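Residues per chain are reported as follows:
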Amino acid sequence: MTKTDSSTSPIHVIGGGLAGSEAAWQIARRGLPVTLHEMRPVRETEAHKTDSLAELVCSNSFRSDDAENNAVGVIHAEMRMAGSLIMACADANQVPAGGALAVDREGFAQAVTDAIAAEPLITVAREEVTGLPPADWTRTIIATGPLTAPSLAEAIQAETGQEALAFFDAIAPIVHTDSIDMSICWFQSRYDKVGPGGTGSDYINCPMDKDQYDAFIAALVEGDTTGFKEWEGTPYFDGCLPIEIMAERGPETLRHGPMKPMGLTNAHQPDIKPYAVVQLRQDNALGTLYNMVGFQTKLKYGAQAEIFRMIPGLENAEFARLGGLHRNTYLNSPALLNQSLELKSRPGLRFAGQITGCEGYVESAAIGLLAGRFAAAEHIGEPLSAPPPTTAFGALLNHITGGHILSDDEPGKRSFQPMNINFGLFPPLDPGAILRPEGGGRFRGKDKARAKKQAYARRALSDCAKWLGTDTIAADAAE
């Protein structure tokens, strides 16, 4: 294919999952031709069972649909406002799930497949793309997900210069900062070290005495863990040993590893040396999230929440995400992508979906939606308008492309971690945004937390509507 004007030269989308299907739909609904490349059934994956587009390989749940109190519900609402095909097909194939949006997985995938097939501006090419796009593909979106084919992954690795692209992703739990008890914890870097951009007080420290430490180690060793799936046959990679595996190697292992107390003085009890210390490092530029340093884990979610709340200062911790260890393929996006999801080293090449460092069905589709809009706007010469960071769209995009702090204080470890949408990614609220319930009285605890979430949601949906303006499209193919 040779380069032609925007009316005839298609935008290429590689990957027919949720992100790729959504990106292709958004492009086509703006009157532009698009070629959607999907390697199934020419090449199968270890997880997919059909050749349908947008096949759900894990749960059939899109999680909470509560747009007043839950960040996932907010991104659902924003996607509906933006004419999302994925949300239209999910709504049309909903099954009972309480406050969650769950779908008939076969019906949902078939609805997406049928909608794409019926759109005359979309051509589905059933073929494997084995390398980066050729020069005559002027604009391309790669949305190949965590099961990117090895040849394409190698080509991406060669282009980006990143040491590893496909590996077991070790994720430490991430905690909402305002749920940490600072009457127990304190800010301090080890030995008060001032690193690049640091102050010497860059970590939140949680102290433990010997009895607390011994009880914690016993709970880790006895905790319920998850096993690897058969197709996840890669062993642990260097520097990312699960914390419970370290605990099994001996009761003192963690106290001489990530929980060592050296170089730290408890600001609340300076005369008492902690027996062990759990450190949390700032995880986003806003300072609303902190991750537990060295706490990658295979513990099941219920066990994680119970055991990690044994840590002094984290008794009431609210987790933005819990830890995990699984096969994943994703970019170091804050270093590699600009705010329109374009690879900095190669203009015209964008990424979307889980490969950018988001997690979850709706998050992947939302980033596909944005990538499609960005590519279409660029193709026809319109200004690129990023969603405000106060929206769920913008908060997730900001995490992927620039909101994360890149750390070099732990050589061999990757700082950027995939993330689901959560209110911890949103900028702080303005004073007065949290509305007190009528009738006065005490306003704290769960009531205040609920009001805070509602304030985030109101602001997000209002700002998203302003961003979209009249630029809304219909997703009526699933109706």
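Residues numbered from 1 in each chain as written. Predicted model: local features only at pLDDT ≥ 70, side-chain atom pairs only at ≥ 80, totals over all residues. Heavy atoms only, no water.

### Some remarks on the side chain of N205
What counts is decided by this rule: By the criteria applied, helices consist of DSSP H or I runs no shorter than four residues and strands consist of E runs no shorter than two, each listed in order from the N terminus. Counting of polar contacts relies on pairs of N or O atoms within 3.5 Å, with two restrictions inside protein: one atom must be capable of donating a hydrogen and the other of accepting it, and residues adjacent in sequence are counted only when both atoms are side-chain atoms. For this analysis, residues touch if any pair of their heavy atoms sits within 4.5 Å.
On the secondary structure map, N205 appears in strand β11 (residues 203–208). Reaching out from N205, the side chain makes a polar contact with the backbone oxygen of Q188 at a distance of 2.9 Å. Apart from residues lying up to four places away in sequence, N205 is in contact with C185, W186, F187, Q188, L264, V277, V278 and Q279.

### As for the sheet that holds strand β3 (residues 61–64)
Quick note on the threshold: If DSSP finds at least two bridges between two strands, the strands pair.
Spatially, 3 strands are ordered β3-β5-β4 in an open sheet, and the strand pairing comes out antiparallel. At either end of the open sheet lies a strand with only one pairing partner, and these are β3 and β4 (94–95). Summarising the sheet, β4 and strand β5 (residues 100–103) pair through 2 bridges and their orientation is antiparallel. By the bridge assignment for β5, Q94 is matched with V103.

### A word on the packing of aromatic side chains
The line we're drawing: For Phe, Tyr and Trp, rings pair up if their centres lie within 6.5 Å, where Trp contributes its six-membered ring, and each pair is then called stacked (planes under 30 degrees apart), edge-to-face (over 60) or tilted (otherwise). Each residue is placed in one exposure class: buried if its accessible area under a 1.4 Å probe, protein chains only, is under 20% of its type's maximum, exposed if it is over 50%, and partly exposed if it falls in between. Any Lys NZ or Arg CZ that is within 6 Å of a ring centre and within 35 degrees of that ring's normal is treated as a charge sitting over the ring.
This model, assessed by the stated rule, comprises 10 aromatic pairs. Look at F62 and F108: their rings are 5.4 Å apart centre to centre, the planes differ by 80°, and that puts the pair in the edge-to-face class. With F62 in strand β3 and F108 in helix α4 (residues 105–118), this residue pair connects regions lying 46 residues apart in the sequence. In this structure, F62 and F108 share a single accessibility class: buried. For the ring pair F216 and F295, a centre distance of 6.2 Å and an interplane angle of 35° mean the geometry is tilted. Here F216, found in helix α6 (residues 210–222), pairs with F295, found in the loop between β13 (289–292) and α8 (301–308); they are 79 residues apart in sequence, far enough to count as distant. It is R255 that lies over the ring of Y275; its NZ or CZ is 3.9 Å from the centre.

### With respect to the pairing of β5
Residues of β5 alternate between two faces, with A100 and A102 on one and L101 and V103 on the opposite face, all of them buried. Direction of pairing for β3 relative to β5: antiparallel, over a ladder of 2 bridges. Of the residues in β5, the one forming a bridge with S61 is A102. Where β4 folds back on β5, the antiparallel hairpin that results is connected by 4 residues, among which G98 adopts a positive phi of roughly 65°.

### Describing the sheet that holds strand β9 (residues 174–176)
In plain terms, the rule: The axes are straight lines fitted to the C-alpha atoms, using for helices just the contacting stretch, and the angles between their N-to-C directions are given from 0 to 180°.
Read across the sheet, 6 strands follow the order β10-β11-β12-β13-β9-β14 without closing on themselves; strand pairing throughout is antiparallel. Single-partner strands in this sheet number two, and they are β10 (186–187) and β14 (319–321). Two strands pair when backbone bridges link them, and β9 and β14 are joined in this way by 2 bridges, in the antiparallel orientation. Looking across to β14, one finds that I174 is bridged to R321. This element, α6, spans β11 and β12 (276–282) of the sheet and lies at about 95° to β11.

### Let's talk about the environment of I116
Turning to its location among the elements, I116 is positioned in helix α4. Given a relative accessible area of 0%, I116 falls into the buried group. On a C-alpha basis, the gap between I116 and L36 in space is 9.2 Å, while along the polypeptide they are 80 residues apart. Those residues within four positions of I116 in sequence are excluded, and the remaining contacts are S21, W25, L36, L53, L85, I122 and V124.

### Concerning helix α2 (residues 71–81)
Owing to its 3.6 residues per turn, the α-helix brings residues three or four apart onto one side. Across the 11 residues that make up α2, a large majority, 9, are buried. Of all the positions in α2, only A71, V72, G73, V74, I75, H76, A77, E78 and M79 are classed as buried. Backbone nitrogen of V72 and a side-chain oxygen of the N-cap are separated by 2.8 Å at the start of α2; the cap is N70.

### What to know about the environment of A457
As for its position among the elements, A457 is in helix α12 (residues 445–468). Separated by 380 residues in the primary sequence, A457 and A77 have C-alpha atoms spaced 10.0 Å apart. A457 has contacts with A67, E68, V74 and F423, leaving out every residue within four places of it along the chain.

### Re unusual backbone geometry
With a phi close to 70°, R63 is a non-glycine residue in the positive phi region. Counting through the fold element by element, R63 comes out in strand β3. Residue R63 is classed as partly exposed on the basis of its relative accessible area of 26%. Not every positive phi belongs to a glycine, and L341 is a case in point at roughly 70°.

### Details of the confidence of the model for the chain
Filter applied, for reference: pLDDT is defined as a per-residue confidence score from the predictor, taking values between 0 and 100.
Summarising the model, the chain shows a mean pLDDT of 85, and 85% of its residues fall at 70 or more. When the criterion is pLDDT under 50, residues 230–239 qualifies, and its contacts beyond four places in sequence or with other chains add up to 23 contacts. Long-range and interchain partners of residues 409–414, a stretch whose pLDDT sits below 50, account for 14 contacts in this model, where long-range means more than four residues apart.

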